[in-house]
Amino acid sequence: MSDAERIEPIDPVTLSVINNAFVNVCREMGTAMMRTSYSPIFNEGLDFSCMLFNLRGDLIGQAEFCPTMLGSCQFAMKWMLDEVGLDAFGPGDVFIHNDPYRGQCHMPEHLVVKAVFHEGRPWGFVANIAHVGEIGGMAPGSFAADATEVYQEGLRLPPLKIMAGGDYVRDVWRIVLANHRTPKTTWGDYHAMIGSLNVAEERVQELLAKYGAERLAAASEQLLDYSERFMRAEIAEMPDGVYYAQDCMEDDGITRNPYWMRLRLTIRGDQAICDWTDSDEQAKGPINATFVVTAASCYSGFLHVVSDDIPINAGCYRPIQLVTRPGTLVNVKHPGPSVGGNTETHPHIQNVVLRALAGAVPERATGAEGASSCNFLFGGFHPEYGDYYTNYHIEGSGWGGTIGHDGNSVLCPNNGNCRNTPVEILETKYPFVVEEFRLRPDSAGAGRWRGGLASSRVFRVEAPEITVNALFDRTRTQGPGIFGGGSGASSGIHIQRAGDTAFRSFSEAFGTVSDSKFTRVAVSRGDRIRLDSAGGGGFGDPRERPRESIAEDVRQGLVSPDAARELYGYEEGA
Amino acid sequence: MAVWLENDAQWHEERMLHCALCGRMIAKRFLRESFAHGDEIFCGDDCLTLYHDYWLVERGPGYRPPEGIDAAYAERMVM
């Protein structure tokens, strides 16, 4: 029996206070990270997540960060413990790990971990996982849309000690910095990540001083069990049955073939079995999801339809079991590439989970969301500053309509929870001018509750040359509506070369295999690049939408009069 | 009767083992059980249990998706 198990049950009020304390430690880590990091994808985009783990590597604390990281990170944490062992962690040590073939999401996601010691013994771990914006590999920004193996996607780090007793492990730092295109940014961002661990370590020490190590460990065990019971009760409320759903990635950047993910969801008492066996074989290009990405998609999908009151930790994931076949789109096998699996395939997978759940809990169903982060990466030498730069830019998409609510407009897809980078930041740091950034009229799927709107942004190139990469999806498919709702608009990336009068696809302009996934295209001063995100699917019959809501959409320019007439049967003034 | 074993790859080797049920990669410890169709390995008790009471019952050893599976899904999916 462990020390934690010998402790008397802790009263619910204290448990709630401790749970909120864990959440707040993670939030404070996030604030430290946001304020001290160098790259916009961290300090503006917030593409990182801060967490607490127990000594088994179970997630015991988190906050409102990125679902794909929050759901998957304990796999990386457990792998790290299995591979290096608990004894490898000493006071002041920090480990780093980004290997998708050791339990990580994809290569850019770097997990840093520090053990918290109490009276000479480790108590638990503080951790930060973040999307490092440039990690080498075949494309600036390390998002190679035409990669065919993991080795082309950047520098792969198995669990490694980068700080030992508070000192730099210089050999590791030197290897990393020599392999990233923007080492100064990596230097700053790594320090922000490690700094956030130091903040969290102090806060956990305060909790240990207040509650004692045994009582705090016991509380975290009881919270895990409580979350499991809560999730089981929620699943038990759903009707037993088998529910099916599927969706596809439109291509993999190497060919123009679609790749399908298919879920056979079984609800059996208080257990959910997410069986992905019928999914397609893995793609040659980088749209494959690692197992942990698929797991995170399942967890996040369920969290969308159950009570908001469940403390989110490893306990609430226990009743959800996965079945996958290695070597498929949803569980890539070595050495397949996977950078897009975490950003593009994840939201598709989650949409599939939600669509299957619509059969079990239709009152909580949603139209599909845009499901593309519209990953746009670029790099080059800045004409004014002279430095080499890279940046990872993402766009929000429309979310699906739900009972009682239109979908949110221009929000990061469901895997990310990231923010939009302000135009002023983009224009200050990089040689682009943002000529236009707006909502796209008629991009929302029609419905009794319509989907959310997509955005359109036009960049004008203000440098002799910029190398651009893109990894989009939904340019030839659409996020479907549900229960009679219409589909959202497709996304797109187009270019108007300087002197041209119209936008064209990159396939037309540069001969790329895919319109939506390409790497290392050189664009020049005066070229314009338009990023269109995808719209959300509608919920229910559009003809049942209240007339005043349609009139308001038309008045605001969100729905055109023609679309109002055609899709909603609405005539202005009638 | 399942037995716990360890991935005995050396530190300089990469030996990628996958759970026969969930498909996740196994870092170190795994359960091995013998079946009529051969030995299988599992990442833990939950997967071993589900292999018996879900996979063998609903899918069967060696299951692969049949041709035309997309149409079967499209037919059963909530639209």
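Residues numbered from 1 in each chain as written. Chains lettered and ligands numbered in written order. Predicted model: local features only at pLDDT ≥ 70, side-chain atom pairs only at ≥ 80, totals over all residues.

Peer 1: Explain the overall build of chain A residue by residue, including any values.
Peer 2: Tallying secondary structure elements over chain A gives 13 helices and 20 strands in all. In terms of overall size, chain A behaves like a compact globule, its C-alpha atoms giving a radius of gyration of 24 Å where 574 residues would be expected to give roughly 25 Å. With the C-alpha coordinates of chain A rotated into their principal frame, the extents come out at 70 × 60 × 40 Å. Considering chain A as a whole, with its 574 residues, one finds that 61% of them fall into the buried category. (Helix = DSSP H or I, 4+ residues; strand = E, 2+ residues; numbered from the N terminus. Rg over C-alpha atoms; globule rule 2.2 N^0.38 Å. Buried ≥ 20, exposed ≤ 12 C-beta atoms within 10 Å, placed from the backbone.)

Peer 1: I'd love a proper account of the domain arrangement of chain A, names of residues and values included.
Peer 2: All names here are of chain A. You can read the domains of chain A as domain 1 (3-229) and domain 2 (366-574). Each of domain 1 and domain 2 has a C-alpha centre, and the two are 32 Å apart. Every contact between the two is made by 24 residues of domain 1 and, on the other side, 28 residues of domain 2. (Domains from an automatic or database assignment. Contact = placed C-beta atoms within 7 Å.)

Peer 1: Lay out the pairing of strand β2 (residues 59-62) of chain A with the relevant residues and their values.
Peer 2: All names here are of chain A. Pairing geometry for strand β1 (residues 48-53) and β2, over three bridges, is antiparallel. If you follow L52 over to β2, its bridge partner there is G61. Hairpin connection between β1 and β2: a loop of five residues separates the two successive antiparallel strands, and G57 in this loop has a positive phi of roughly 90°. (Pairing = 2+ DSSP bridges.)

Peer 1: Any details on the sheet that holds strand β1 (residues 3-6) of chain B? Residues and values, ideally.
Peer 2: Residue and element names in this part refer to chain B. Pairing within the open sheet is antiparallel, and its three strands lie in the order β1-β4-β5. What marks the edges here is a single partner per strand, and that holds for β1 and β5 (38-42). The average undirected angle you get between the axes of adjacent strands in this sheet is 40°. With four bridges joining them, β1 and strand β4 (residues 29-35) adopt antiparallel strand pairing. Within β4, the residue paired with E6 across the bridge is R29. Contacts between helix α1 (residues 45-59) and the sheet are confined to β4 and β5, with β5 contributing the most and set at about 135° to the helix. (Axes fitted to C-alpha atoms, helices over the stretch in contact; angles between N-to-C directions.)

Peer 1: Mind laying out the environment of C19 of chain B, listing which residues take part and the relevant values?
Peer 2: Residues and elements named next belong to chain B. Summarising the element assignment, C19 is placed in the loop between β2 (17-18) and β3 (25-26). Spatially, the C-alpha atoms of C19 and R32 are 9.8 Å apart, while their sequence positions differ by 13 residues. Setting aside residues no more than four positions away along its own chain, C19 makes contact with R24, I26, I41, F42, C43 and C47.

Peer 1: Can you explain the sheet that holds strand β20 (residues 528-532) of chain A? Please cite residues and give values.
Peer 2: Residues and elements named next belong to chain A. With respect to topology, five strands assemble into an open sheet ordered β14-β15-β20-β17-β18, the strand pairing being antiparallel. Edge positions in the sheet fall to β14 (432-439) and β18 (504-505), since each of these pairs with one other strand and no more. With five bridges connecting them, strand β17 (residues 492-496) and β20 associate as antiparallel partners. Paired with Q496 across the two strands is R528, which belongs to β20.

Peer 1: Tell me about α1 of chain B, and please be specific about residues and values.
Peer 2: Considering bend angle alone, the principal kink of α1 of chain B is centred on Y51 of chain B and spans about 45°. Along α1 of chain B, the positions that sit buried rather than exposed are C47, L48, L50, Y51 and W55 of chain B. Where α1 of chain B is buried, its residues meet β10 (271-275) and β11 (320-323) of chain A together with β4 and β5 of chain B. Directly after α1 of chain B, the chain includes G60 of chain B, whose backbone phi takes a positive value near 95°. (Bend = angle between axes of the 7 residues up to and from the residue.)

Peer 1: Lay out the interface of chain B and chain A in plain terms, naming residues and giving numbers.
Peer 2: Contact residues are listed per partner, giving 22 residues for chain B and 26 residues for chain A. Breaking the side of chain B that touches chain A down by element, the ones donating at least two residues are α1 and α2 (69-76) of chain B. The leading source of residues in the side of chain B that touches chain A is α1 of chain B, at five residues. Among the residues making up the side of chain B that touches chain A, the classes are represented as 14 nonpolar, two polar and six charged. (Nonpolar A, V, L, I, M, F, W, Y, C, P; charged D, E, K, R; others polar.)

Peer 1: For unusual backbone geometry, give the residues involved together with the corresponding values.
Peer 2: Residues and elements named next belong to chain A. Residue H334 is joined to P335 through a cis peptide bond whose omega torsion reads 5°. Residue placement: P335 occurs in the loop between β11 and α9 (339-360). Backbone geometry places V410, a non-glycine residue, at a positive phi of 50°. Considering the arrangement of structural elements, one finds V410 in the loop between β13 (388-393) and α10 (423-429).

Peer 1: Account for the packing of helix α2 (residues 12-36) of chain A against helix α6 (residues 183-211) of chain A, naming residues and giving values.
Peer 2: Residues and elements named next belong to chain A. Orientation of α2 relative to α6, taken along the N-to-C sense of each, is 155°, at an axis distance of 8 Å. With respect to α6, the axis of α2 lies roughly antiparallel. Between α2 and α6 lies a crossing of right-handed hand. Contacts between α2 and α6 involve I18, A21, V25, E28, M29, A32, M33 and T36 from the former and A192, M193, G195, S196, V199, A200, R203, V204, L207 and Y211 from the latter. For the contact of α2 with α6, a count of residues per class yields 13 nonpolar, three polar and two charged. (Parallel < 35°, antiparallel > 145°, perpendicular 65-115°, else oblique. Left-handed = near helix turned anticlockwise from the far one by under 90°.)

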